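# A look at the structure
Letter by letter, the chains look like this.
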Amino acid sequence: MLMIALTATTLGFVTAPMRSIFSMVLVGCLVCVAYACAALVSLTSILDLAAAIVCYDAGLLICLLGLHAFARILDRRRFV
């Protein structure tokens, strides 16, 4: 479960700098498709999918908030 969480968080961190809603939704859908393929091949728990989605969203949120804060700092320096 830890590896799923780390992978999903990394996907969120990598997708966020693109700032494209389409790419964020596409990667989220690909996470669900990968889970569906894994469920067809072996036994998986729905908690694995929930952990992947929550960690992906957390990675997106943390990275987007960081980018927003960094942009605000740069804008304030321009006016000083």
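Remember, predicted model here, so these are calculated numbers, not experimental data. (Residues numbered from 1 in each chain as written. Predicted model: local features only at pLDDT ≥ 70, side-chain atom pairs only at ≥ 80, totals over all residues. Heavy atoms only, no water.)

## Remarks on the UniProt feature "transmembrane region" (unreviewed entry) in the chain
The condition is simple: UniProt positions are given in the numbering used here, feature names are shortened, and annotations may be inferred rather than shown by experiment. Each helix is a run of H or I in the DSSP string that is no shorter than four residues. Each strand is a run of E no shorter than two, and both are numbered from the N terminus.
In this numbering, the UniProt entry assigns the feature "transmembrane region" (unreviewed entry) to residues 21-43 and 49-71. Helix makes up 91% of residues 21-43 and strand makes up 0%, while its end C-alpha atoms are separated by 32 Å. With 100% helix and 0% strand, the stretch residues 49-71 has end C-alpha atoms that lie 33 Å from each other.

## What to know about the environment of T44
Note the following rule: For every residue, the accessible area (1.4 Å probe, protein chains only) is compared with the maximum for its type, and the residue is labelled buried under 20%, exposed over 50%, or partly exposed between those bounds. Throughout, a contact is declared for two residues whenever any of their heavy atoms are within 4.5 Å. Counted as a polar contact is a pair of N or O atoms within 3.5 Å, where, for protein atoms, one must be capable of donating a hydrogen and the other of accepting one, and residues adjacent in sequence contribute only when both atoms are in side chains.
In this structure, T44 sits in the loop between α2 (21-41) and α3 (46-79). Judged by its relative accessible area of 32%, T44 falls in the partly exposed class. In contact with T44, not counting residues within four places along its chain, are Y35, A38 and A39. In this structure the side chain of T44 is engaged in a polar contact, spanning 3.3 Å, whose partner is the side chain of Y35.

## Observations concerning the side chain of T15
One can find T15 in helix α1 (residues 2-15). At a separation of 2.6 Å, a polar atom in the side chain of T15 contacts the main-chain carbonyl oxygen of L11. Ignoring any residue separated from it by four or fewer positions in sequence, one finds T15 in contact with S23, M24, V27, Y56 and L60.

## A short note on unusual backbone geometry
Phi at R19 is positive, roughly 55°, even though this residue is not glycine. Counting through the fold element by element, R19 comes out in the loop between α1 and α2. According to the relative accessible area criterion, R19 is exposed, its value standing at 54%.

## Regarding the nonpolar core
The criterion, for reference: Residue types Ala, Val, Leu, Ile, Met, Phe, Trp, Tyr and Cys, when buried and joined through side-chain atoms within 4.5 Å, form a set referred to as a nonpolar core.
In this structure, A5, A8, A16, M24, V27, V31, A52, C55, Y56, L60 and C63 together form the largest nonpolar core, which totals 11 residues. Elements with a minimum of two residues in this core: α1, α2 and α3. The leading source of residues in this core is α3, at 5 residues. When residues no more than four places from it in sequence are discounted, the contact partners of C63 are F13, A16 and P17.

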